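Fold and contact review
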Amino acid sequence: MEQRFFLIIAANTAQMLFADRVLKAEGINTQLVPAPPESGTVCAIAVKISQDDVEAAKRLIAVNSVEVTHILEDKRMKLQGLLDEKLAQGITEDFLRILERIESGQELDRSDILYLLSTQREKEINTIFSAADRIRKETVGDAVEIRGAIEFSNYCRKDCSYCGIGSSNKCVKRYSMSEEEIMEAVHSVKAMGMKTVILQSGEDSRWDTPRLVRLVERIRNETGMKITLSVGEKSREEYEQLRNAGAVNFLLKIETTNRDLFARLHPDDDYDHRLQCSLWLKELGYLNGSGNIIGLPGQTLDDIAGDILYFKEMGINMIGIGPFIPAEGSRLENHPTGDIDLTLRVVAVTRIVCKRVYIPSTTALASLDKDAQVKALQAGANTIMLINTPERYRKSYNIYNNKNMVDMASAAYAAEKAGRPLPSYIVWQAVNPGHECIVG
Ligand code: SF4
C-alpha cells in the first residue's frame, strides 16, 4: 500500500522547531518542509511525518505542550486538466505518458526527467512551464518570500574552478567583516521586515565555529530572526553547535552530481564527503539547502536529470539553480555563460519533481537578464534573495562577473511583473515610500 504523509503545523517557528526536536529525540523520522498555503501561514515551515508516526507524534505534542494549529495530510498531488484534446494532438506518445504520470501524482523517473529537459517541441515546453507554475501555487502559494543575504567574508581556503573568490585568485580585494559590522547589516535586514537572514562566506578560518556560534546566538537574542548559514563544509559536531546556537537553515550546494565533473571542479573537496555533510545537516534538523550550476564544462542533460533526482531523494528543502557565469581570475574565466532558457527549464522540472520546496529565483539569473528573475518566478520559483552586504564590500564578493546587487526595489519589480504578491511582513514603506505594490 502507498505510504501516506502528514504535515504538522505549529503556532510559530519556535514551536515548529521545538516539535521537530521532540519528535526526532523519540526516534520519529521528520522532515522540515514549506507549510502549505491552506495552513494560513506565509512561507512558514511544517514538520512532515509518515502516517505510521501520527499517533505517537500527537501524544508527544500533547505531553510537551507544543502549540500545534493543524495536522494535515500531505496528499499526493494530482493536476487535473493538463491534458486536453487540443494539446494531445501536438505532443509525442512519450510526453503524453509523462503528463499522465504528473496528472495522477506519480513520481517521475530519470528518463522522464531527461525527456522534460530535452524536448524542443513548443507545445510540450509551454505545458512543462504551466504545470510547474500550478504545482508552485498549490504547494507553496503565491507570495514571493524575500530573504536578506550578508556576504560577511570573501576569504576562502578552497579553490573551486568556477569561483571568483577562490584562494588562488590574486585579483580579489579580501575582506572579513567584524561582528559589529555584521550586526549592523542584520538590523537593517530586520528593519525591512524580513524574517530570515542568510550569512554567507568563503571557508574563512578567521570566522571559526566558536566565533560563528557567538554570532548566531547574538542574532537570535537581539533580533529573533531565522538564520541561514552558507559557510561551507564542517564536522558534524560543528554543524551541531551551530544548530544548537539557533541556526535553522544551511545552504551547502552540490553544484553537480556527476562525480568526475565534481572532482574536476573541486580540487579541495571529496564528493562523498560533501554528501556526508548534507546527510549530517539533515539528521540535525536543518532546513537543508542545495543547488546546482547549469552550463558547467562537459555537463550533460543527463547529469542535470541526476541532480534533480538527488534533490528529491535527499529531501532537499531549498534548491538554488543558477546559470554558470564566468568569474574573472578563476580557472573557468573563459568558459561560456550558461543558457538562461535551459536554467529556467531546470527550475520548472525541479518544481514538478520536488514539489513542496523553496526554489529561489537566483541572483545569477538576475545578473544575466533583469527579466530572467520574473520568468523564474513564473516557472516554479518562489523566493528572492536580496544582497544586503554593506556597499563598501559588495563588489569584492565577486563569485562571478557582473553580479547583480538585487535589492528590495528589483525584487518588488520581479514579483509585480510576475503578478505575485510580496509577503505582508515586508515593511515596504520603509524601503520605498510612495511606491505601490501588491502585498499578500
Ligand atoms: S565556491 Fe565556496 S568553497 Fe569554493 S572557492 Fe568559492 S567560496 Fe570557496
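The structure displayed is predicted, hence computed values, not measured ones.

The periodicity of an α-helix, 3.6 residues per turn, causes residues three or four positions apart to be oriented the same way. The end-to-end C-alpha separation of helix α1 (residues 13–25) is 18 Å, in line with the 18 Å expected for 13 residues at 1.5 Å each. Every buried residue of α1 is listed here: Gln15, Met16, Leu17, Ala19, Asp20, Val22 and Leu23. Contacts from the buried residues of α1 go to β1 (5–10), β2 (31–34), β3 (45–50), α2 (54–63), α9 (236–245) and β8 (247–251). Just past α1, the residue glycine 27 takes up positive phi, approximately 85 degrees.

The next thing to look at is the site of the ligand. Looking at the ligand, the residues that line it are Cys156, Lys158, Cys160, Tyr162, Cys163, Ile165, Gly166 and Gly202. In a pocket analysis with a 2 Å cut-off to the grid points, the ligand is assigned to the largest cavity. Looking at the shell around the ligand residue by residue, the classes come out as five nonpolar, two polar and one charged.

Another point: the nonpolar core. Among soluble globular proteins, nonpolar side chains are generally buried collectively. Core analysis: the biggest nonpolar cluster contains 111 residues, and Ile146 and Leu199 have the highest contact counts within it. The element best represented in this core is helix α13 (residues 340–354), accounting for eight residues. When residues of this core are assigned to domains, at least three map to each of domain 2 (85–140) and domain 3 (145–431). With 27 residues, the next largest nonpolar core counts Val54, Ala57, Leu60 and Ile61 among its residues.

So, about the sheet that holds β3. If you trace the four strands from one edge of the open sheet to the other, you get β2-β3-β1-β4, paired in antiparallel fashion. At either margin of the open sheet sits one strand with a lone partner, and together these are β2 and β4 (68–73). Adjacent strand axes in the sheet meet at a mean angle of 35 degrees, parallel and antiparallel pairs treated alike. As defined by bridge partners, β1 adjoins β3 across four bridges and the pair is classed as antiparallel. Each residue of the ladder has a partner; that of isoleucine 8, found in β3, is valine 47.

On to the domain arrangement of the chain, then. The domains assigned to the chain are domain 1 (5–73), domain 2 (85–140) and domain 3 (145–431). Contact with domain 2, which involves 21 residues of that partner, is made by 28 residues of domain 3. Between domain 2 and domain 3 the total buried area reaches about 2,200 Å² when both faces are included, carbon and sulfur atoms providing 70% of it. Residue lysine 312 pairs with glutamate 107 through a salt bridge whose shortest N-O separation is 3.4 Å. Our count for the contact surface shared by domain 2 and domain 3 stands at six residue pairs in polar contact (both at pLDDT 80 or more).

For the coordinates displayed, the defined rule picks out six cavities of 30 Å³ or more. The space that makes up the largest cavity amounts to roughly 1,100 Å³. Every residue lining the largest cavity is counted, 48 residues in all, and those nearest its centre are Gln200, Ser230, Lys253, Glu255 and Ile399. Looking at the lining of the largest cavity, the elements that each hand over two or more residues are β5 (145–153), β6 (196–201), β7 (226–230), β9 (287–294), β10 (318–323), α14 (363–368) and β11 (383–387). For the lining of the largest cavity, the element with the highest residue contribution is β10, accounting for five residues. Of the residues that constitute the lining of the largest cavity, the class distribution is 24 nonpolar, 14 polar and 10 charged. Reported here for the second largest cavity is a volume of approximately 70 Å³. Looking at side-chain class alone, the lining of the second largest cavity contains two nonpolar, six polar and two charged residues. Residues lining the lining of the second largest cavity come from more than one domain, with at least three contributed by each of domain 1 (5–73) and domain 3 (145–431).

On to the sheet that holds β6, then. Taken together, the seven strands give an open sheet; going across it, the order is β10-β9-β8-β7-β6-β5-β11, and neighbouring strands pair in parallel fashion. The open sheet has two free edges, formed respectively by β10 and β11, since each of these has just one partner strand. On average, each strand axis in the sheet is inclined to that of its neighbour by 25 degrees, with strand direction left out of account. Judged from the five bridges that link them, β5 and β11 form a sheet pairing that is parallel. If you follow alanine 149 over to β11, its bridge partner there is isoleucine 387. Lying on the sheet, α13 is in contact with β9 and β10; it crosses β10 at an angle near 160 degrees.

Attention now goes to the pairing of β1. Taken across its six residues, β1 has five buried, putting it largely inside the fold. In the sheet, β1 pairs with β4 via five bridges, with the strands oriented antiparallel. Bridging from a neighbouring strand, isoleucine 8 pairs with isoleucine 71 of β4.

The subject of this paragraph is α13. Relative to the 21 Å expected for 15 residues at 1.5 Å per residue, α13 spans 21 Å between its end C-alpha atoms, a close match to the ideal helical length. Most of α13 is tucked away: 12 of the 15 residues are buried. Taken as a whole, α13 has its buried residues at Thr343, Leu344, Arg345, Val346, Val347, Ala348, Val349, Thr350, Arg351, Ile352, Val353 and Cys354. Residue aspartate 339 occupies the N-cap position of α13, its side-chain oxygen lying 3.3 Å from the main-chain nitrogen of aspartate 341. Looking one or two places after α13, you find lysine 355, whose phi comes out positive at around 55 degrees.

What follows deals with the pairing of β9. In terms of residue burial, β9 counts as a mostly covered element, since eight of its eight residues are buried. Residue alternation in β9 divides its side chains into two sets, Leu287, Gly289, Gly291 and Ile293 and Asn288, Ser290, Asn292 and Ile294, and both sets are buried. The pairing of β8 with β9 spans three bridges and is classified as parallel. Considered in β9, the bridge of asparagine 249 is made with leucine 287. Taken together, β9, helix α12 (residues 301–313) and β10 constitute a β-α-β crossover, and its handedness is right-handed.

About the cut-offs
- Residues numbered from 1 in each chain as written.
- Predicted model: local features only at pLDDT ≥ 70, side-chain atom pairs only at ≥ 80, totals over all residues.
- Heavy atoms only, no water.
- Helix = DSSP H or I, 4+ residues; strand = E, 2+ residues; numbered from the N terminus.
- Expected span 1.5 Å × (residues − 1).
- Buried < 20%, exposed > 50% of the residue type's maximum accessible area, 1.4 Å probe, protein only.
- Contact = heavy atoms within 4.5 Å.
- Near = heavy atom within 4 Å.
- 1 Å grid on protein atoms, 1.4 Å probe; cavity = no way out; pocket = protein on both sides within 12 Å on 5 of 7 lines; lining within 4 Å.
- Sits in = over half its atoms within 2 Å of the grid points.
- Nonpolar A, V, L, I, M, F, W, Y, C, P; charged D, E, K, R; others polar.
- Core = buried A, V, L, I, M, F, W, Y, C linked by side-chain atoms within 4.5 Å.
- Domains from an automatic or database assignment.
- Pairing = 2+ DSSP bridges.
- Axes fitted to C-alpha atoms, helices over the stretch in contact; angles between N-to-C directions.
- Buried area = accessible area lost by both parts, 1.4 Å probe.
- Salt bridge = Lys/Arg side-chain N within 4 Å of Asp/Glu carboxyl O.
- Polar contact = N/O pair within 3.5 Å; in protein donor to acceptor, adjacent residues only side chain to side chain.
- Points joined across faces, edges and corners; volume = space filled by probe spheres on them.
- Right-handed = clockwise from strand over helix to strand, strands pointing away.

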